[in-house]
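Descriptive structure summary
Now for the letters of each chain:
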Amino acid sequence: DMPEKEEKEESVDVEAIEVEETANHASQMLVAHADGTEEWIDLNENLTLNNYVKSRFVNKNPFISYYLSGKEASWCGVDISSKQGVVDFKKLKKAGCDFVMIKIGGRGYSSGEIVLDEKCKDYMKSAKSAGLDIGVYFFSQAITEDEVEEEAETLLEAIKDYTITYPVVFRMQEVEGDMARVEALDMDSRTALTESFLNRVKKAGYTPMLYGNKEWLATKIDLEVLEEYDVWLSQEADTPDYPYEFSMWQYREDGTVSGVEEETGLNISFVDYAKK
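All values reported here derive from a predicted model rather than from experimental measurement. Position numbers for residues count from 1 along each chain, tracking the sequence in the order it is written. It should be noted that, the model being predicted, local features are given only for residues of pLDDT at least 70 and side-chain atom pairs only at 80 or more, the latter also being counted only at that level, while totals for whole chains, interfaces and linings use all residues. Side-chain measures were taken over the full set of non-hydrogen atoms in the model, leaving aside hydrogen atoms and water.

A separate point is helix 3 (residues 120-129). Three labels apply to residues, based on accessible area from a 1.4 Å probe with only protein chains included: buried if under 20% of the type maximum, exposed if over 50%, partly exposed otherwise in between. Runs of H or I in DSSP of at least four residues are treated as helices and runs of E of at least two as strands, each being numbered from the N terminus. Residues of helix 3 that are buried include every one of Cys 120, Tyr 123, Met 124 and Ala 127, and no others. Axial view of helix 3: buried residues confined to an arc of 100°, hence all on one face. Away from its buried face, by an angle of more than 90 degrees, helix 3 presents the exposed residues Asp 122, Lys 125 and Ser 129. Just past helix 3, the residue Gly 131 takes up positive phi, approximately 85°. For this quantity, the arc is that covered by the directions from the helix axis to the C-beta atoms.

Printed below as a string of structure tokens:
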């Protein structure tokens, strides 16, 4: 009997260590920086935490779903731009996709010029006729209020004749391996520009949303100022570990799904925005 008892005690110790580690980090989040370093950051007590449970995420390949009381409580989507090439939206719908997030355009991160995505209007038209819900996003590299206003107006003008039932998203981020215009901004400036854009989108009657990875959301902008806006989290993982509230999650940037020629972003929405 003795060896068995020893083994049991050992396993209890391992559990105790795990519990202790979890307790230490319950008040912090691990953030990976663009330069490859990682750091633990204290959680902001003024921000609401999400209540997603890891075991409720189910990978149904290619999409991940979330379940509540045994029922699917999420919607599947892809994010696309002209980089994705030919998209067969009917095939996409058949593959289990509920919504598409379409890139409308962006500002060059060094040139500063605004360019509309050449396929955005075709995509919006075709997605609608296939019965998919549509959200849109804009890549910002604005460094002044005038520029961010120009970006919002360009986006709103481009989508005004289409049915947008999912969020209109502001994506401002640093550029891998290069200097982006927005890197010169401080946190307050980035936050103010984000707020201006989202506020303009809200005034136009759409659902505004903010996109970012853990590093961007936790260290580059002030989430307290932006708390009223929904968040689209970008994190390559099987389950997310971002602590604060978010209502959409991009879990693959290079997923493959029937109907899309090239690799594409795969997403889950915890809100059926079309019904809001």
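Side chains that are nonpolar tend, in soluble globular proteins, to be buried together. To form a nonpolar core, buried Ala, Val, Leu, Ile, Met, Phe, Trp, Tyr and Cys residues must be joined to one another through side-chain atoms within 4.5 Å. With 67 residues, the main nonpolar core has Val 78, Phe 89, Leu 92, Val 100, Val 136, Ile 159 and Trp 249 as its most contacted residues. Residue contributions to this core peak at six residues, all from helix 4 (residues 145-159). Ignoring sequence-local partners within four residues, the contact set of Val 136 consists of Met 101, Ile 102, Ile 104, Met 124, Leu 155, Ile 159, Ile 164, Pro 167, Val 168 and Val 169. One finds Phe 99, Met 209, Tyr 211 and Tyr 273 within the second-largest nonpolar core, a separate group that totals 10 residues. Here, residues are in contact when the closest pair of their heavy atoms is within 4.5 Å.

Here the focus is the packing of aromatic side chains. Working definition: a ring pair exists when centres of Phe, Tyr or Trp rings (six-membered ring for Trp) sit within 6.5 Å. Plane angles under 30 degrees give stacked, over 60 give edge-to-face, the rest tilted. Inspection of every chain in the model, using the stated rule, returns 20 aromatic pairs. Taking the centre distance of 4.1 Å and the plane angle of 25° together, the rings of Tyr 52 and Phe 270 count as stacked. Pair noted here: Tyr 52 is in the loop between strand 2 (38-42) and strand 3 (57-59) and Phe 270 is in the segment after strand 14 (264-269), with a separation of 218 residues, a long-range link. Look at Tyr 52 and you get partly exposed, because its relative accessible area is 23%. An angle of 65° between the planes, with centres 5.4 Å apart, marks the rings of Tyr 166 and Tyr 273 as edge-to-face. Of this pair, Tyr 166 sits in the loop between helix 4 and strand 10 (168-172) while Tyr 273 sits in the segment after strand 14, and the two are 107 residues apart along the sequence. For Tyr 166, a relative accessible area of 2% translates into the label buried. Relative accessible area serves as the criterion here: at 3%, Tyr 273 is assigned to the buried category.

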